[in-house]
Amino acid sequence: MEGLLFVFELVAMLLLLWSVFKEGRSGGTADQGIFSYRENLTKNNPPKGSSPHA
Amino acid sequence: MRDLVMLGFMLPFVALAFLSPFAGYLLWGWCGLVALNFYLFGFMQGVPYVQVFALITLVSALMQRGDGTTLQLRGNPTFYWMLVFVVHGLVCATLAYPDLPRNWELWGNVAKTALFCSLMPLLATNRFRIHALVLMIAIGTSFHGVLDGLKFLSSGGAHRAQVIAKFGDNNHLAMVLLMVIPLLYYLYTYSKVLWVRMAFLGTILLMVLAVVATNSRGGLLGLFAVAIWLVYRSRRRFLGALLIAASAYLVILLAPSSWTERMDTIQAAEEDASFMGRVVAWRVSAAIAQEHPVFGGGFRAVQSFPVWKQFQNAPSLLGFVDYHREFSYAPAAHSIWFEVLGDQGFVGLAIFIALIANAFRVAMAVRRLARLNGAGQQWAADLGNMLTVALVAYVVTGSALSAAYFELPYVCMMLLETVRQHQLRMYESRQA
């Protein structure tokens, strides 16, 4: 079981590195579709006149 | 066989590390977290993976491959606090008691961790790369828990977690597993593909089972802390509570009576020789710091038997602890706070606390910036929240462990800083 998991670990890492490589080739702009953009927009309205330097 | 497989994977790994500095950086971090050498038994066991990928990353980053990596130094408080901690530690190690076996090794670990962390904001320059970093941490760390979780499940609760030397003992393993649970929850929330999200959900449950399999009482307390903070900091509180209820049900269903009996001893800590031994180690660590308030006794001074004998009955802040027992060995400090106190004095402890407090301040700044940056940036606030949950797990579990120099909390602190810088850049570009 440990050997199988070890191979799975290596494959997962290789896939991640490949997507990082492709992202790098694109000049650091493409997201490779690995994360979701699902956001709760209603919670993201910035309060007017606020400063980011708390 | 496993060594041959590793060799086969090393070829693309090395090639990708040369082609992309950030890929090399991920490999550098991953090799440290997964501790490859402990899972190989042949000719690939002796390869210094961390050093190899650290070197490749530094070389390829300096060559500026045009893959979006820009080495633009930008000062940040997290880096400055880490630098102060490393420099102060260097003086502590230099002035340490003679013949401390792990003095320079531990200082070297801290310095290497700080070097790794200092490059993070330079290389993780966008959301994709931050997400990839979280993935790397999750893949590298959860590997240790998934196996034990599966064995615990298949043995009906009889399995006891196997601990590799990198982590020390079962309590350390429990701490590491607890720290990765919030990050897995973040990945579950924000991964795009459904089956990947389900895989992270399953991994969280296996992590919980693996924590139970460590038989660590500190781990159980940490599990409660993580559960409470996860629900408190999560935007999906009902889902978080549901996950915790499912985990608790699995634990009750599978945990053997020996585990329940051991956890019951938490209530009778004062009668527990193991726990009281830790309190004596805290007393001795405080005594060392009182003798050397600025630079302490050096890394793991308390675990040197001559030092232990010298300070066993010395005046200490914890002199009120009336527990006397003859030790034939020098026990570990068993607390991140007292470990740093004995090793690096009151000044070192103040820097260490400032470093952790700074991380929570950075998390607040991330939440504020994400709110100001508006639509599409909630992920940053959520990641900041989950990283603080990981640090809460470290602080709670580490309070009874010698784990002050373990790399994962420092990586989490710098990841928080990296997210803050990303959000700050976005805010500044919107204002311009």
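Bear in mind the structure is a predicted one, so any value in this text is a computation, not a measurement.

Description of the overall build of chain A
Then comes step 1: Helices and strands together make up the secondary structure of chain A, namely one helix and zero strands.
Then comes step 2: Each of the 54 residues in chain A was classed as buried or not, and the buried ones make up 35%.
Then comes step 3: As displayed, chain A offers around 3200 Å² of accessible surface, 64% of which is attributable to carbon and sulfur atoms.

Section: the overall build of chain B
Then comes step 1: Within chain B, the regular secondary structure consists of 16 helices and zero strands.
Then comes step 2: Taking 2.2 N^0.38 as the reference for a compact globule, 432 residues should give roughly 22 Å; the C-alpha atoms of chain B span a radius of gyration of 22 Å, in line with that estimate.
Then comes step 3: Judged by the C-alpha coordinates and their principal axes, chain B covers about 60 × 50 × 50 Å.
Then comes step 4: Per-residue burial over chain B gives 60% buried out of 432 residues.
Then comes step 5: Contacts in chain B between residues far apart in sequence, at least 24 positions, make up 81% of those at least 6 positions apart.
Then comes step 6: A distance of 14 Å separates the average location of the 30 positive side-chain charges in chain B from that of its 20 negative side-chain charges.

Considerations on unusual backbone geometry
Comment: phi is negative for the bulk of residues other than glycine, and the bulk of peptide bonds are trans.
All names here are of chain B.
Then comes step 1: Of note, the phi angle at Asp99 is positive, near 65 degrees, even though the residue is not glycine.
Then comes step 2: By secondary structure assignment, the location of Asp99 is in the loop between helix H4 (77-94) and helix H5 (103-123).
Then comes step 3: Residues other than glycine seldom take positive phi values, yet Arg300 does so here, at roughly 60 degrees.
Then comes step 4: Inspection of the secondary structure assignment puts Arg300 in the loop between helix H12 (273-291) and helix H13 (305-311).
Then comes step 5: Given a relative accessible area of 14%, Arg300 falls into the buried group.

Section: helix H16 (residues 407-431) of chain B
Then comes step 1: With 25 residues, H16(B) ought to run about 36 Å at 1.5 Å a step, and its terminal C-alpha atoms sit 36 Å apart, in line with that.
Then comes step 2: With respect to burial, H16(B) is a largely interior element, 19 of its 25 residues being buried.

Things to note about the side chain of B:Asp148
Residue and element names in this part refer to chain B.
Then comes step 1: Among the secondary structure elements, Asp148 is positioned in helix H6 (residues 127-154).
Then comes step 2: The side chain of Asp148 is buried and forms no salt bridge, while Lys151, the nearest opposite charge, is found at 5.3 Å.
Then comes step 3: Sequence-distant contacts of Asp148, that is, excluding residues within four places in its chain, are made with His159, Ala161, Gln162, Leu173 and Ala210.

Overview of a nonpolar patch on the surface
Then comes step 1: The grouping of B:Met1, B:Leu4, B:Leu7 and B:Phe43 at the surface amounts to a nonpolar patch, some 480 Å² of accessible area in total.
Then comes step 2: Since its relative accessible area comes to 37%, B:Leu7 is described here as partly exposed.

Overview of the packing of aromatic side chains
Then comes step 1: Tallying each qualifying case throughout the model produces 20 aromatic pairs over all chains.
Then comes step 2: Judged by centre distance (6.2 Å) and plane angle (45 degrees), the ring pair of B:Tyr185 and B:Tyr188 falls under tilted. Remark: B:Tyr188 and B:Tyr185 occur in helix H7 (residues 170-190); sequence separation between them is three residues, near one turn of the helix.
Then comes step 3: Ring geometry for B:Trp337 versus B:Phe352: centroids 5.7 Å apart, planes at 65 degrees, classification edge-to-face.
Then comes step 4: An aromatic cluster is defined as three or more aromatic residues linked by ring pairs; in this entry it consists of B:Phe22, B:Tyr25, B:Trp28 and B:Phe116.
Then comes step 5: Just above the ring of A:Phe6 sits the side chain of B:Arg2; from NZ or CZ to the centre is 5.5 Å.
Then comes step 6: The cationic tip of B:Arg197 hangs over the ring face of B:Tyr188; the distance from NZ or CZ to the ring centre is 5.1 Å.

As for the confidence of the model for chain B
The predicted coordinates ought not to be read in detail in places where the model reports low pLDDT.
Then comes step 1: Residues with a pLDDT of 70 or more make up 92% of chain B, whose mean pLDDT is 87.
Then comes step 2: The ipTM, which scores confidence in the relative placement of chains, is 0.84 for this predicted complex, and the corresponding pTM is 0.89.

Here we look at the nonpolar core
Then comes step 1: Counting 143 residues, the largest nonpolar core has B:Met6, B:Phe13, B:Leu26, B:Trp30 and B:Met136 as its most contacted members.
Then comes step 2: With 16 residues, the single largest contributor to this core is H7(B).
Then comes step 3: B:Trp30 has contacts with A:Glu9, A:Leu10, A:Met13, B:Phe13, B:Ala35, B:Leu36, B:Met136, B:Ile139 and B:Gly140, leaving out every residue within four places of it along the chain.

Considerations on the packing of helix H2 (residues 21-34) of chain B against helix H3 (residues 49-62) of chain B
All names here are of chain B.
Then comes step 1: Between H2 and H3, the shortest axis-to-axis distance is 8 Å and the interhelical angle comes to 160 degrees. As summarised for this structure, H2 and H3 are arranged roughly antiparallel, according to the angle between their axes. In this structure, the crossing between H2 and H3 has a hand that is left-handed. Within the contact between the two elements, H2 uses Pro21, Gly24, Tyr25, Leu27, Trp28, Cys31 and Gly32 and H3 uses Tyr49, Val50, Phe53, Ala54, Thr57, Ser60 and Ala61.

Focus on the pattern of salt bridges
Opposite charge on two side chains makes pairing possible when the charged atoms of those side chains draw close.
All names here are of chain B.
Then comes step 1: Evaluated as defined, the whole model comprises five salt bridges over all chains.
Then comes step 2: Residue Arg300 is joined to Glu339 by a salt bridge in which the shortest nitrogen-to-oxygen separation is 2.9 Å. Placement of the pair is Arg300 in the loop between H12 and H13 and Glu339 in helix H14 (residues 336-373), with a sequence separation of 39 residues.

Things to note about the confidence of the model for chain A
Then comes step 1: Put simply, chain A has an average pLDDT of 69, and 48% of its residues get 70 or more.
Then comes step 2: Here residues 40-54 of chain A scores under 50 on pLDDT; set against residues more than four positions off or in separate chains, the count is 31 contacts.

A short note on H4(B)
Residue and element names in this part refer to chain B.
Then comes step 1: The end-to-end C-alpha separation of H4 is 26 Å, in line with the 26 Å expected for 18 residues at 1.5 Å each.
Then comes step 2: Within H4 the residues assigned to the buried category are Thr78, Met82, Phe85, Val86, His88, Gly89, Cys92 and Ala93.
Then comes step 3: Residues of H4 that are buried in the fold lie against H5, H14 and H16.

Looking at the packing of H4(B) against H16(B)
Axis angle and axis distance: for two packed helices, these are the angle between their axes and the distance between the axes, and together they describe the pair.
Residues and elements named next belong to chain B.
Then comes step 1: The N-to-C vectors of H4 and H16 enclose an angle of 150 degrees; their axes lie 9 Å apart at closest approach. By the angle between their axes, H4 is roughly antiparallel relative to H16. Facing Pro77, Thr78, Phe79, Met82 and Phe85 of H4, the residues of H16 in contact are Tyr410, Met413, Met414, Glu417 and Arg420.
Then comes step 2: A per-class count over the contact of H4 with H16 returns seven nonpolar, one polar and two charged.

Quick look at the environment of B:Arg283
Residue and element names in this part refer to chain B.
Then comes step 1: Checked against the element boundaries, Arg283 lands in helix H12.
Then comes step 2: Classification of Arg283 as buried rests on a relative accessible area of 7%.
Then comes step 3: With 35 residues separating them in the primary sequence, Arg283 and Leu318 have C-alpha atoms 5.0 Å apart.

Reading the values: rules and limits
- Residues numbered from 1 in each chain as written.
- Chains lettered and ligands numbered in written order.
- Predicted model: local features only at pLDDT ≥ 70, side-chain atom pairs only at ≥ 80, totals over all residues.
- Heavy atoms only, no water.
- Helix = DSSP H or I, 4+ residues; strand = E, 2+ residues; numbered from the N terminus.
- Buried < 20%, exposed > 50% of the residue type's maximum accessible area, 1.4 Å probe, protein only.
- Areas by Shrake-Rupley, 256 points an atom, 1.4 Å probe, with all protein chains shown as cover.
- Rg over C-alpha atoms; globule rule 2.2 N^0.38 Å.
- Contact = heavy atoms within 4.5 Å.
- Lys, Arg positive; Asp, Glu negative; His and termini not counted.
- Charge placed at Lys NZ, Arg CZ, Asp CG, Glu CD.
- Expected span 1.5 Å × (residues − 1).
- Salt bridge = Lys/Arg side-chain N within 4 Å of Asp/Glu carboxyl O.
- Patch = residues over 30% accessible without salt bridge, like charges linked within 9 Å, V, L, I, M, F, W, Y side chains within 5 Å.
- Phe/Tyr/Trp six-rings, centres within 6.5 Å; stacked < 30°, edge-to-face > 60°.
- Lys NZ or Arg CZ within 6 Å of the ring centre and 35° of its normal.
- pLDDT = per-residue confidence, 0-100.
- Core = buried A, V, L, I, M, F, W, Y, C linked by side-chain atoms within 4.5 Å.
- Axes fitted to C-alpha atoms, helices over the stretch in contact; angles between N-to-C directions.
- Parallel < 35°, antiparallel > 145°, perpendicular 65-115°, else oblique.
- Left-handed = near helix turned anticlockwise from the far one by under 90°.
- Nonpolar A, V, L, I, M, F, W, Y, C, P; charged D, E, K, R; others polar.

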